[in-house]
Amino acid sequence: MDLDWRSVREDYTVFADAAVLALNKPSGISVTGERHDTDLVELAQAAGTQLYPVHRIDKVTSGLVLLALDLAAHGPLTRQFNNQTARKAYLAIVSGADLPDHGEIDLPLSVGRKNRVRIAAPREAITREGDRWFVDEADLLPVKNYPSRTLFSTVARHGDQALLALRPVTGRRHQIRVQLAWIGHPILGDPLFDRTAAFARTHLHSWRLGLDAAWLTPPVLDLEATPGPDFWEPFTSDPDESARLLHTAAQLMSA
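All values derive from a computational prediction rather than experimental measurement.

What counts, and at which threshold
Residues numbered from 1 in each chain as written. Predicted model: local features only at pLDDT ≥ 70, side-chain atom pairs only at ≥ 80, totals over all residues. Heavy atoms only, no water. Patch = residues over 30% accessible without salt bridge, like charges linked within 9 Å, V, L, I, M, F, W, Y side chains within 5 Å. Areas by Shrake-Rupley, 256 points an atom, 1.4 Å probe, with all protein chains shown as cover. Salt bridge = Lys/Arg side-chain N within 4 Å of Asp/Glu carboxyl O. Lys, Arg positive; Asp, Glu negative; His and termini not counted. Charge placed at Lys NZ, Arg CZ, Asp CG, Glu CD. Helix = DSSP H or I, 4+ residues; strand = E, 2+ residues; numbered from the N terminus. Core = buried A, V, L, I, M, F, W, Y, C linked by side-chain atoms within 4.5 Å. Buried < 20%, exposed > 50% of the residue type's maximum accessible area, 1.4 Å probe, protein only. Contact = heavy atoms within 4.5 Å. Pairing = 2+ DSSP bridges.

Enquirer: Would you mind going over a negative patch on the surface with me for this structure?
Expert: Judged by side-chain charge, E124, E129, D136 and D139 come together as a negatively charged surface patch. With respect to the helices and strands, E124 occurs in the loop between β8 (117-119) and β9 (127-129).

Enquirer: What am I meant to see in the nonpolar core here?
Expert: W5, L23, V94, L164, L166 and L180 are the most contacted members of the largest nonpolar core, which totals 40 residues. Counting only elements with at least two residues in this core, the list comes to α1 (5-12), β2 (20-25), α2 (40-46), β4 (62-68), β5 (87-95), β8, β12 (161-168) and α4 (175-182). Take this core: its biggest share by element is 5 residues, from α4. When neighbours within four sequence positions are excluded, L164 is seen to be in contact with Y90, L91, A92, V94, L99, F152, S153, T154, V155 and L180. Of all hydrophobic cores here, the second largest spans 18 residues; its members include V54, L66, A68 and L221.

Enquirer: Where do I start with α4 in this structure?
Expert: Given 3.6 residues to a turn, an α-helix orients residues that are three or four positions apart in the same direction. Along α4, 8 of the 8 residues are buried, which leaves the element largely enclosed by surrounding structure. All of the buried residues in α4 are Q175, I176, R177, V178, Q179, L180, A181 and W182. Note on α4: the residue one or two positions beyond its end, G184, has a positive phi of about 95 degrees.

Enquirer: What am I meant to see in the side chain of R177 here?
Expert: Mapped onto the elements, R177 comes out in helix α4. Ignoring sequence-local partners within four residues, the contact set of R177 consists of D58, V60, I187, D190, P191, L192, F193 and L204.

Enquirer: Even after reading the chapter, I still don't get the pattern of salt bridges, so can you show me in this structure?
Expert: Charged atoms that come close allow side chains of opposite charge to pair. Counted under the stated rule, the structure contains 11 salt bridges. Put simply, D190 and R177 hold a salt bridge, and the shortest N to O gap is 2.6 Å. Residue D190 is located in the loop between α4 and β13 (204-212), and its partner R177 is located in helix α4; the two are separated by 13 residues in the primary sequence. Taken as a pair, D190 and R177 share a single burial class, namely buried. For E224, the salt bridge is made with R208, and the minimal N-O distance between the two is 3.1 Å. Taken as a pair, E224 in strand β14 (residues 220-224) and R208 in strand β13 lie far apart in primary sequence, 16 residues in all. Overall, the relative accessible area of 37% leaves E224 in the partly exposed class. Judged by its relative accessible area of 26%, R208 is partly exposed. Sharing partners across several salt bridges, the network here consists of E104, D106, R132 and R149.

Enquirer: Mind showing me how you'd approach the pairing of strand β1 (residues 13-16) here?
Expert: Along any regular strand the residues' side chains alternate between the sheet's two faces. Two strands pair when backbone bridges link them, and β1 and β2 are joined in this way by 3 bridges, in the antiparallel orientation. Residue pairing in the sheet places A16 in a bridge with L21 of β2.

Here it is, written out as structure tokens:
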């Protein structure tokens with residue numbers, strides 16, 4: 001993807017002040033550490049702007065990413081992610097419409113072969129009771145595991161697909177993508193888990209982010225990034241319908 005930093009700032013900025021910059025990142029752009037393509041941090045640095053990522057979202061994920069411009073703001077913000085006090089919400093379109101209206105995925109993660117994230121138990125050990133998926137402690141693999149919990153609401157169903165609003169309580173690498181795939185509902189277009197090759201992008205979007213921000217009045221940073229038309233393609237091409245779905249998701253998240 002051919003980008004310049006000025007265009008990125010103009011086209012994707014959600015919020016900016018002297019301390020932070022929040023972008024509505026398109027799918028297909030890395031935040032930092034990209035080995036083969038230019039990432040946001042490198043792009044900004046080449047234009048004379050130093051960015052300090054507060055958190056990361058995957059290259060294939062679109063939506064909110066928060067970057068500090070001031071190191072004094074970076075530490076307090078990153079600590080909120082580390083302490084799991086950052087308020088996050090995502091949107092995803094998944095395969096399979098047979099999900100409950102509300103659910104909890106409480107499945108610890110581990111790192112397997114080739115540094116791939118996986119559930120820290122055999123797939124057949126995953127149990128569903130009511131609206132909760134979990135594994136018994138006795139079934140955990142003898143490796144280091146990371147407790148990982150995601151809450152979700154089903155916003156709408158369309159054929160054999162579902163639109164979910166998700167709240168990751170923890171913030172592990174690939175958490176939402178791995179957990180949904182292992183319970184049988186992979187995100188459409190996910191290169192790790194969707195083998196259909198039917199979708200041009202991964203339909204996962206970093207939608208909302210809330211953090212304490214001492215330099216603001218009131219001292220709260222509440223951000224929201226509206227998904228672009230490419231996110232909604234499996235569901236609708238009608239902007240009014242996508243706005244209605246987003247409104248429904250917002251109601252469910254505030255319930």
